[in-house]
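Each chain, written out:
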Amino acid sequence: MARPLLWLALLCASLTFTACAGIRLELVHVDARENRTVAERVRRATERTHRRLASMGEVTAPVRWVETQYIAEYLIGDPPQRAEAIIDTGSNLIWTQCAACRPAGGCFSQNLSFYDPSRSRTVQPVACNGTACALGSETQCTRDRSACAVLTAYGAGAIAGVLGTEVFTFGSQNASLAFGCVTASRLTPGSLDGASGIIGLGRGALSLVSQLGDTKFSYCLTPYFSDAVNTSRLFVGASAGLGGNTPVTSVPFVKNPSDDLFGTFYFLPLAGITVGKAKLNVPAAAFDLRQVAPGNWAGTLIDSGSPFTSLVDVAYQALRAELARQLGTSLVPPPARGLDLCVARGDAGKLVPPLVLHFGSGGGAASDVVVPPENYWAPVDDTTACMVVFSSARPNATLPINETTIIGNYMQQNMHLLYDLGNGVLSFQPADCSAM
């Protein structure tokens with residue numbers, strides 16, 4: 001029988017866990033390994049954004065999101081086997097494809113060899129009555145109650161397998177974690193960009209942060225167009241913290257709804273947006289967390305897995321109109337379908353105003369986050385730069401996604417974000433992420 005997993009109740013010193021000093025991981029953008037042009041990168045990120053948005057509109061059961069963009073390498077088992085995972089704040093489960101996974105079962109190709117549990121001395125199955133099997137909706141007993149199964153749906157498909165515990169090594173630190181050994185998949189080909197699986201950083205009990213018993217993690221994402229030489233960073237536990245002399249803006253998380261899916265996400269109290277010196281005429285209620293249908297919630301969330309930001313439509317239309325007014329005759333026709341406002345590439349840095357995101361009621365500098373032009377406009381070809389903020393009310397969008405605002409990872413570039421779960425606060429600090 002699997003040993004009971006008591007990490008949620010035990011102190012760090014008593015865990016089968018030697019990473020009390022904290023975990024530090026290098027993150028590689030999925031497009032950095034291939035010699036893609038700027039236009040190809042923006043096109044791929046736009047496609048991922050729309051697929052990510054579409055996934056939430058398909059919610060009929062506990063559904064997680066995929067299409068994230070940053071990959072971390074780690075070791076699993078003893079002796080160790082190499083694996084790669086997508087890092088995702090929008091889901092909980094840690095999983096990797098296993099050697100029993102076959103193409104006939106829908107399993108996809110990956111950059112590294114499949115994890116083979118038969119080669120490991122430390123892997124253990126989790127029994128149906130094991131503690132870990134009751135920690136989340138991603139797990140359930142098999143019909144004959146002989147094992148604990150994992151079954152999770154994403155916008156790009158679904159995965160299935162069995163729950164086990166195994167030793168994971170992140171750099172010089174290791175931990176015994178519950179994970180999904182995936183033996184069947186129905187994910188859209190290419191949706192994981194060659195990674196072996198996913199490491200969830202959501203608010204559920206099976207996420208990496210929850211299993212480690214940590215109360216904070218942080219990451220710093222290098223700009224899209226420089227990460228081929230400069231990797232991003234993820235810090236978990238004691239290694240997660242802010243430093244330097246740049247100002248810090250701290251924002252409280254909004255209390256999550258009890259519905260399982262929406263309890264995973266990191267909702268924020270966005271109250272308004274300013275473009276340059278003009279505050280948009282958008283009611284704060286448009287960004288509030290609210291129930292829009294039975295079991296469906298809309299609001300404002302921050303997500304490491306959405307490339308570009310999407311705004312609830314009333315805010316998007318106000319932003320578009322104000323930018324069109326300010327940019328005037330400098331606007332040029334979009335070079336590709338799906339883009340809206342564009343200027344000559346050489347003019348973007350001089351003409352496009354910064355955004356200010358106002359958090360919490362009452363405003364004030366302490367709750368404002370400044371978004372520089374390069375974090376919401378992108379070069380799309382050799383001569384043109386365009387706004388890469390979209391409306392959540394995309395064609396065929398349904399509740400709750402068409403009422404949801406998502407702050408994507410492009411808007412988070414060169415920003416050190418500290419998720420302080422113990423105090424319920426998200427902190428933003430401008431940073432040179434390539435220097436961390």
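Just so you know, these numbers come straight off a predicted model, no measurement behind them.

**Student:** Could you give me a rundown of the confidence of the model for the protein, with the residues and numbers involved?
**Tutor:** Model confidence for the protein is summarised by a mean pLDDT of 86, while 85% of its residues fall at 70 or above. Predicted confidence is poor over residues 1–20, with pLDDT under 50, and the contacts of this stretch with residues over four places away or in other chains come to 36 contacts. The low-confidence segment residues 52–68, where pLDDT is below 50, has 70 contacts with residues more than four positions distant or belonging to other chains.

**Student:** Account for the layout of surface pockets, naming residues and giving values.
**Tutor:** Quantified by volume, the largest pocket comes out at close to 460 Å³. Along its surface, the largest pocket is lined by 26 residues, and Val370, Pro372, Pro373, Glu374 and Asn375 are the ones closest to its centre. Counting only elements with at least two residues in the lining of the largest pocket, the list comes to helix H4 (348–351), strand E24 (368–371), strand E25 (377–379) and strand E30 (425–430). Here the lining of the largest pocket is composed, by residue class, of 18 nonpolar, 5 polar and 3 charged.

**Student:** Account for the state of the cysteines, naming residues and giving values.
**Tutor:** According to the stated counting rule, one finds 6 disulfides in the structure shown. Here cysteine 98 pairs with cysteine 181 through a disulfide, and the sulfurs are 2.0 Å apart. On the criterion of sequence distance, the pair formed by cysteine 98 in the loop between strand E5 (94–97) and strand E6 (124–125) and cysteine 181 in strand E10 (residues 173–185) is long-range, its members being 83 residues apart. A sulfur-sulfur distance of 1.5 Å marks the disulfide that ties cysteine 101 to cysteine 107. Between cysteine 101 and cysteine 107 the sulfur-sulfur dihedral comes to about -60 degrees; the bridge is accordingly left-handed. For the residue pair cysteine 101 and cysteine 107, the accessibility class agrees, reading buried in each case.

**Student:** Lay out the pairing of strand E8 (residues 148–154) in plain terms, naming residues and giving numbers.
**Tutor:** By the criterion of burial, E8 is predominantly enclosed, with 5 of the 7 residues buried. Where strand E7 (residues 139–141) and E8 come together, 3 bridges link them in antiparallel fashion. Residue pairing across strands places threonine 139 opposite valine 150, the latter belonging to E8. Following E7, the chain reverses through 6 residues before pairing antiparallel with E8; arginine 145 in that reversal takes a positive phi of roughly 60 degrees. Note: E8 against strand E9 (residues 157–170), 6 bridges, orientation antiparallel. By the bridge assignment, alanine 149 is partnered in E9 with valine 162.

**Student:** Give a detailed account of the sheet that holds E24, specifying residues and quantitative values.
**Tutor:** Reading across the sheet, the 4 strands line up as E17-E16-E23-E24 and stay open at both edges, with antiparallel pairing between neighbours. Only two strands of the sheet have a single neighbouring strand rather than two, namely strand E17 (278–279) and E24. As paired strands, strand E16 (residues 270–275) and E17 are joined by 2 bridges and run antiparallel to one another. Paired with threonine 274 across the strands is lysine 279, a residue of E17. Along the sheet face, helix H3 (residues 313–327) touches E16, E17 and strand E23 (355–359) and points at about 15 degrees away from the line of E16.

**Student:** Please set out the sheet that holds E25 residue by residue, giving values where relevant.
**Tutor:** One open sheet holds the 3 strands; their spatial order is E22-E26-E25, and the pairing between them is antiparallel. In this open sheet, the two edge strands, each paired with only one partner strand, are strand E22 (342–344) and E25. Pairwise comparison of adjacent strand axes, ignoring direction, gives a mean angle of 25 degrees for this sheet. Pairing between E22 and strand E26 (residues 384–387): 3 bridges, direction antiparallel. When the bridges of E26 are listed, cysteine 342 appears paired with cysteine 386.

**Student:** Account for empty space enclosed by the protein, naming residues and giving values.
**Tutor:** Tallied over the full model, the rule gives 3 cavities of 30 Å³ or more. One number sums up the size of the largest cavity: a volume of about 60 Å³. If you go around the largest cavity, the residues you meet are Ile302, Leu357, Phe359, Val369, Val371, Ile407, Met411, Gln412, Met415 and Phe428. In the lining of the largest cavity, the residues fall into 9 nonpolar, 1 polar and no charged. The computed volume of the second largest cavity comes to approximately 60 Å³. Forming the walls of the second largest cavity are Leu270, Ile273, Thr309, Leu311, Leu319, Leu355, Leu357, Val389, Thr405, Ile407 and Met411.

Thresholds, definitions, all that
- Residues numbered from 1 in each chain as written.
- Predicted model: local features only at pLDDT ≥ 70, side-chain atom pairs only at ≥ 80, totals over all residues.
- Heavy atoms only, no water.
- pLDDT = per-residue confidence, 0-100.
- Contact = heavy atoms within 4.5 Å.
- 1 Å grid on protein atoms, 1.4 Å probe; cavity = no way out; pocket = protein on both sides within 12 Å on 5 of 7 lines; lining within 4 Å.
- Points joined across faces, edges and corners; volume = space filled by probe spheres on them.
- Helix = DSSP H or I, 4+ residues; strand = E, 2+ residues; numbered from the N terminus.
- Nonpolar A, V, L, I, M, F, W, Y, C, P; charged D, E, K, R; others polar.
- Disulfide = S-S within 2.5 Å.
- Buried < 20%, exposed > 50% of the residue type's maximum accessible area, 1.4 Å probe, protein only.
- Pairing = 2+ DSSP bridges.
- Axes fitted to C-alpha atoms, helices over the stretch in contact; angles between N-to-C directions.

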